[in-house]
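# A look at the structure
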Amino acid sequence: MVIKTENISKTYNPDSIPVHALRGVNIEIEKGEFTAIVGPSGSGKTTLLNIIGGLDRPTDGYIEVGGSDISKLSDNELIDFRRNNIGFVFQAYNLIPVLTARENVEFVMLLQNQSEEVRNERTEELLKAVGLEKEIDRRPSKLSGGQQQRVAVARALASKPTFVLADEPTANLDSKSTTNLLDIMAELNRKEEITFVFSTHDQRVIDRARRVITLEDGVIASDIRR
Amino acid sequence: MITLFKLARRNIWRNKRRTYITAASIFFAVLLASFMQSIQRGAWDKMVDGIVTSFAGYAQVHQVGYNEEETIEKAFPFNANLQNLPQEIDGLEGFVPRLTSFALASYELQTKGVLVVGTDPESEHGMTRLRNNLVEGAYFEEGENSVLIVEGVAKTLKVNIGDTLVLISSGYHGVNAAGKYNVKGILKFASPLLNRRMVFLPLSVAQNFYGAEGLITRLSIDIKEKDKLPQVVQAVQKNLGDEFEVLEWEKLMPELSEAREVDTAGNFLVLIILYVIIGFGIFGTILMMAKEREYEFGVLLAIGMKRWKLGMVIWMEVVMLGLFGAFLGILGSVPLVGYFKRHPLDFSEMEGMADAYEKFGFEPVFPASFEFQIFFTHAVIVFILTSILAIYPLLKIRKMQPVQAMRG
């Protein structure tokens, strides 16, 4: 089991006008799954992703990632946890603008104190896997949106994470880039058994997912495996 | 650490215009501060050096208590022990024995209170180059019954070369002192303070005038290296014992030393105001930078960058920006200060201003002092200032939650 949540609740503004983003969510995600979390805006997708990723804390409930209860970790322990266990792909790519594609991918490994040899080997391997071996020394501003998101995927995988969380990864991409990105992620999922969890509105992503969890008003409305 | 440095260095150039504006503000602050301080220090050094080397000497030997109460009753014999000091003390270049006291100078119907300086003409010229101050007449010789007077005395008494000046005073142990002396030369000193009321007699003539044969009231000391003054003073004091006081120029002329301190404090206050203004400018840049990049900071924390590492990048950015501006400021200051060292600001032609300065005892010429310590100090100030200002984003990062930061 990679991720397990028990009765996860999240309430914003508990002291004034409470907003219940999640109400008792129970999920179990196995290693190697390719899961999409879908639902209308405000249904709690991003909140759930943030809590699973250790970026936010639940108001109530239990969350276990890779066998450890992350709800008890301090802020600094959570930073270490995220660095070593989770890869993030954001809607707006969020690459470091002053670093090249190579340096962006390498950066997470530097934070992990990996040796130069390991860093170089993995960076080249990942950028080749996402089809950017020719753009390796370009800064994000010199790359298209699709290329930037592929660098972001490479960066997310650089730390050899337990799983990758992708928040609306195709929202800013055109059709061709979306298909290309999904092919890459599906391939990495198949070959390296990397667990992917997406939050998305994009039907193209939903169609490729092998499991679709639908959230409505902070509760799981359906959980379909294909 | 190299990666963090590289990241910080590149971040500085993300917003080139802002970097240039901030660096320019620091550049002008450092330029102005260095220039102000160099001119202030240079002007004071010139004045102190002028007064010290043209009359007082860097240190003086008196009988104990003379500095508190300058009376001829505290005159002491100029004996062999004193005369042998240059041979015994390392770093002591020479000395001038003087017998000084006050007298009333008179010519025809005019009178004026003057400071009579009985001195050995040769050693006086050796140390203070007194002969070079002559603007009229000739230099005096030991034993001759003649007097050199400063311009201020000559003007007040309307005395010319060859006239006879009458001096009246109370001498050693209260004897009546009176004498007539031929005006042999008129002197002009750079310092207006010295130019007002001094008259010089040959030492033996002054001793005779005051009834103080073989006695002097002070021994002005010349040294080889200014930096070694405290050591020389200590050695002379040790050699002469408790009967004598050996005082550095700051103690001999506390009003000069205090005036310098007050002026330096005023200058310091202006520098503080300048740096406060610049500090707010830099802080504005930091605020904008922190606000603009809040989202990015959130992302970096999200992907696992430790807070202290992120803080270190921001700290390096701010400090590098500050030092970049300071470096440019120093680069600009060096030729500017160098130029004004060679070509001092000279207000002597500007009548009103020249008079005002002279009234307060200043020569209206301001050379810059070229000292690397001044430039270095301002680089250190900018470093400290930026290091302090960089605490703000560090505090923000310390409390930052990635989700909130990424929400904006």
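Reading the values: the criteria
Residues take numbers from 1 onward in each chain, read along the sequence in its written order. Lettering of chains starts at A and numbering of ligands starts at 1, both following the order in which they are written. Since the coordinates come from a predicted model, pLDDT governs what is reported: local features require at least 70, and pairs of side-chain atoms require 80 or more to be given and counted, while whole-chain, interface and lining totals use all residues. Where side-chain values are given, they derive from all heavy atoms of the structure, hydrogens and water being excluded. What makes a salt bridge here is a side-chain nitrogen of Lys or Arg within 4 Å of a carboxyl oxygen of Asp or Glu, nothing more. For every residue, the accessible area (1.4 Å probe, protein chains only) is compared with the maximum for its type, and the residue is labelled buried under 20%, exposed over 50%, or partly exposed between those bounds. Secondary structure follows DSSP: runs of H or I at least 4 residues long count as helices, runs of E at least 2 residues long count as strands, and numbering of each begins at the N terminus. The definition of a nonpolar core used throughout is a set of buried Ala, Val, Leu, Ile, Met, Phe, Trp, Tyr and Cys residues joined through side-chain atoms within 4.5 Å. It only takes one pair of heavy atoms within 4.5 Å for two residues to be counted as in contact. Annotation comment: domain bounds sourced from an automatic or database domain assignment. Buried area is understood as the total, over both parts, of accessible area removed when two parts are fitted together, assessed with a 1.4 Å probe. Here a polar contact is recorded for every N or O atom pair within 3.5 Å, except that within protein the pair must consist of a potential hydrogen donor and a potential acceptor, and residues adjacent in sequence are included only if both atoms are side-chain atoms. Gly falls in the polar group here, along with every residue not listed as nonpolar (Ala, Val, Leu, Ile, Met, Phe, Trp, Tyr, Cys, Pro) or charged (Asp, Glu, Lys, Arg). Pairing between strands requires that DSSP locate at least two bridges from one strand to the other.

## Thoughts on the pattern of salt bridges
- For the structure on display, the rule yields 34 salt bridges over all chains.
- The closest approach of N and O atoms between Asp69 of chain A and Lys72 of chain A, which form a salt bridge, is 3.1 Å.
- Under the relative-accessibility criterion, Asp69 of chain A is labelled buried at 18%.
- Its salt-bridge partner being Arg41 of chain B, residue Glu371 of chain B comes within 3.0 Å of it at the nearest N-O pair. With a gap of 330 residues between them, Glu371 of chain B in the loop between strand 14 (365–366) and helix 14 (372–389) and Arg41 of chain B in helix 2 (residues 16–56) connect regions that are remote in the sequence.
- Here the residues in one salt-bridge network are Glu33, Arg211, Asp223 and Arg225 of chain A, joined through shared partners.

## Section: the nonpolar core
- Residues Leu48, Phe107, Phe163 and Leu165 of chain A together with Leu7 and Met305 of chain B are the most contacted members of the largest nonpolar core, which totals 80 residues.
- No other element matches the nine residues that helix 12 (residues 307–342) of chain B contributes to this core.
- If we ignore the near neighbours within four places in the chain, the residues touching Phe107 of chain A are Ile96 and Leu99 of chain A together with Thr3, Leu7, Leu300, Ile303 and Met305 of chain B.
- Within the second largest apolar cluster, 75 residues are counted, among which are Leu92, Leu167, Tyr172 and Ile223 of chain B.

## Comments concerning the side chain of Asp202 of chain A
- Looking at the element boundaries, Asp202 of chain A is found in the loop between strand 8 (195–200) and helix 7 (203–208).
- Apart from the residues lying within four places of it in its own chain, the contact partners of Asp202 of chain A are Thr170 and Thr178 of chain A.

## Some words on the domain arrangement of chain B
- When its domains are assigned, chain B resolves into domain 1 (2–50 + 257–407) and domain 2 (65–241).
- On a C-alpha basis, the centres of domain 1 of chain B and domain 2 of chain B stand 49 Å from each other.

## Description of the interface of chain B and chain A
- Opposite the 23 residues of chain B that make contact, chain A presents 27 residues.
- The junction of chain B with chain A conceals about 2,200 Å² of combined surface from both sides, 61% of it contributed by carbon and sulfur atoms.
- The closest approach of N and O atoms between Lys306 of chain B and Asp80 of chain A, which form a salt bridge, is 3.1 Å.
- Inspection of the chain B/chain A interface yields ten residue pairs in polar contact (both at pLDDT 80 or more).
- If you list the elements that add at least two residues to the side of chain B that touches chain A, you get helix 1 (2–12), helix 11 (294–302), helix 12 and helix 16 (402–407) of chain B.
- Here the side of chain B that touches chain A takes six residues from helix 11 of chain B, the largest share from any one element.
- Here the side of chain B that touches chain A is built from residues that sort into eleven nonpolar, four polar and eight charged.

## A few points about the pairing of strand 2 (residues 19–29) of chain A
All names here are of chain A.
- When strand 1 (residues 3–12) meets strand 2, the two strands line up antiparallel, connected through seven bridges. Along strand 2, the bridge assignment pairs Tyr12 with Val19.
- The turn linking strand 1 back onto strand 2 is made up of six residues, and Asn13 within it adopts a positive phi angle of 50°.

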